Amino acid sequence: MIVAIASGKGGTGKTTVAVSLAISSSPITLIDADVEEPNANILLRANKPTSKQARLPFPIVNMNKCDFCEECSNFCAYNAIVVLEGLRVFAVKEICKSCGGCALVCPKDAIHEQPRTIGHIRKGERGGVKLIEGELNIAETTTTRLIGMLLDYEEKNGDVIIDCPPGAAHPTVESLRYADYVIMVTEPTPLGFHDLKETLMITKKLNKKVGVIINRSDLGNIDSLKKFLNSKKIPVLLEIPFSEDICLHYSRGISPSEYSPQWRETFRKLWNYIKKSQN
Ligand code: SF4
Ligand code: SF4
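Reading the values: the criteria
- Residues numbered from 1 in each chain as written.
- Chains lettered and ligands numbered in written order.
- Predicted model: local features only at pLDDT ≥ 70, side-chain atom pairs only at ≥ 80, totals over all residues.
- Heavy atoms only, no water.
- Near = heavy atom within 4 Å.
- Nonpolar A, V, L, I, M, F, W, Y, C, P; charged D, E, K, R; others polar.
- Domains from an automatic or database assignment.
- Contact = heavy atoms within 4.5 Å.
- Buried area = accessible area lost by both parts, 1.4 Å probe.
- Salt bridge = Lys/Arg side-chain N within 4 Å of Asp/Glu carboxyl O.
- Polar contact = N/O pair within 3.5 Å; in protein donor to acceptor, adjacent residues only side chain to side chain.
- Core = buried A, V, L, I, M, F, W, Y, C linked by side-chain atoms within 4.5 Å.
- Buried < 20%, exposed > 50% of the residue type's maximum accessible area, 1.4 Å probe, protein only.
- Patch = residues over 30% accessible without salt bridge, like charges linked within 9 Å, V, L, I, M, F, W, Y side chains within 5 Å.
- Areas by Shrake-Rupley, 256 points an atom, 1.4 Å probe, with all protein chains shown as cover.
- Lys, Arg positive; Asp, Glu negative; His and termini not counted.
- Charge placed at Lys NZ, Arg CZ, Asp CG, Glu CD.
- Helix = DSSP H or I, 4+ residues; strand = E, 2+ residues; numbered from the N terminus.

Engineer: Quick question: what am I supposed to make of the site of ligand 2 here?
Structural biologist: The local shell around ligand 2 consists of P59, F75, C76, Y78, A80, I81, C96, K97, S98, C99, G100 and C102. Of the residues contributing to the shell around ligand 2, the split by class is 9 nonpolar, 2 polar and 1 charged.

Engineer: Sorry if this is basic, but what is going on with the site of ligand 1 here?
Structural biologist: Around ligand 1, a shell composed of V61, C66, D67, F68, C69, E70, E71, C72, C106, P107, K108 and I111 is seen. The class makeup of the residues in the shell around ligand 1 is 8 nonpolar, no polar and 4 charged.

Engineer: Looking at this structure, I do not really get the domain arrangement of the protein chain. What am I missing?
Structural biologist: Interface size is often expressed as the accessible area that is lost when the parts come together. Entries for the protein chain in the domain assignment read domain 1 (2-54 + 122-277) and domain 2 (63-109). For domain 1 and domain 2, the distance between their C-alpha centroids amounts to 40 Å. Listed per partner, the contact involves 4 residues of domain 1 and 5 residues of domain 2. Buried area between domain 1 and domain 2, both sides added, is near 350 Å², and the carbon and sulfur share of it is 28%. If you sort the residues of domain 1 by the area they bury against domain 2, T141, T142 and R145 come out on top, with a joint share of 79%. Linking domain 1 with domain 2 are 0 salt bridges. For the interface between domain 1 and domain 2, the tally reads 4 residue pairs in polar contact (both at pLDDT 80 or more).

Engineer: Help me understand the nonpolar core in this model?
Structural biologist: If you look at the biggest cluster of nonpolar residues, it comprises 35 residues, and the most contacted ones within it are I162, M184, L200 and L229. Listed in part, the 31 residues of the second largest apolar core include V3, V129, L270 and W271.

Engineer: Honestly, a positive patch on the surface in this entry has me stumped. Any pointers?
Structural biologist: On the surface, K197, K204, K205 and K232 cluster together into a patch of positive charge. In this structure, K205 sits in helix 7 (residues 190-205). On the accessibility criterion, K205 (77% relative accessible area) is exposed.

Engineer: Looking at this structure, how should I read the pattern of salt bridges?
Structural biologist: A side chain of one charge can pair with a side chain of the opposite charge when the charged atoms of the two come close. Across all of its chains, the model carries 14 salt bridges by this definition. Here R45 and E258 are joined by a salt bridge, their closest N and O atoms 2.7 Å apart. A residue pair is termed long-range when its members are at least 10 positions apart, and R45 in the loop between helix 2 (40-44) and strand 3 (47-61) and E258 in helix 10 (residues 256-259) qualify at 213 residues. Overall, the relative accessible area of 31% leaves R45 in the partly exposed class. We classify E258 as partly exposed; its relative accessible area is 26%.

So this is what it looks like as structure tokens:
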């Protein structure tokens, strides 16, 4: 079973839920797909993650073959390859999506591809939780491609939890691709409510089963949130009231399931509930 943990916005406690659920449901694989800011391992503390470079092909132009015909730049939907007539033809790495199209359409066979490092994929393990995390290099725009590599990297033959990027943009859509079930983590504030609704539009479009965890459930208008979820027939899986205890442990890099047997049991029951709902 693959369970994705998503949130409409950052700071809702999505990663705390993902790590707590993973610890309570081990043996399991936890994929940190929040590649622009991976932080699940701050709470998991997996031992010495191994690392490999994440690479994508990048077009290089052989100017001895090029006749400046502009086929490549006309083809590129991202305007990522520039033809300076009589001078140079080059791809811009900050824009190029490594689709390989320009090399295919070049009539002079003047473009070949070289691997370019866009970030890293790390693996580690702690207490039966296998961690796979991706980290995008600074100023890279190939977020979705790295998430795709992460998800394809895992054999997906056991239970998997995906800690998705926050928001309702393309990286989140990519992270939800394989999910059997999506847990949305939100809070009962106007902003939380607004962003939840946006992300639920994506899960509906992708036809995913969804349940909601309401974090800091006592710090807003939970009634209107519950009324909305009820009208959409989306179950509230768990309510987590604001807790100084959770905050204090979080600030030390310790998740609820690690410091509290009660929370571990709560998340274990939640995992079993989701698993049963798949049958
Ligand atoms: S398509 Fe090939 S030959 Fe034409 S401008 Fe691009 S690199 Fe040069
Ligand atoms: S690889 Fe694709 S995105 Fe990059 S320059 Fe070529 S056509 Fe454009």
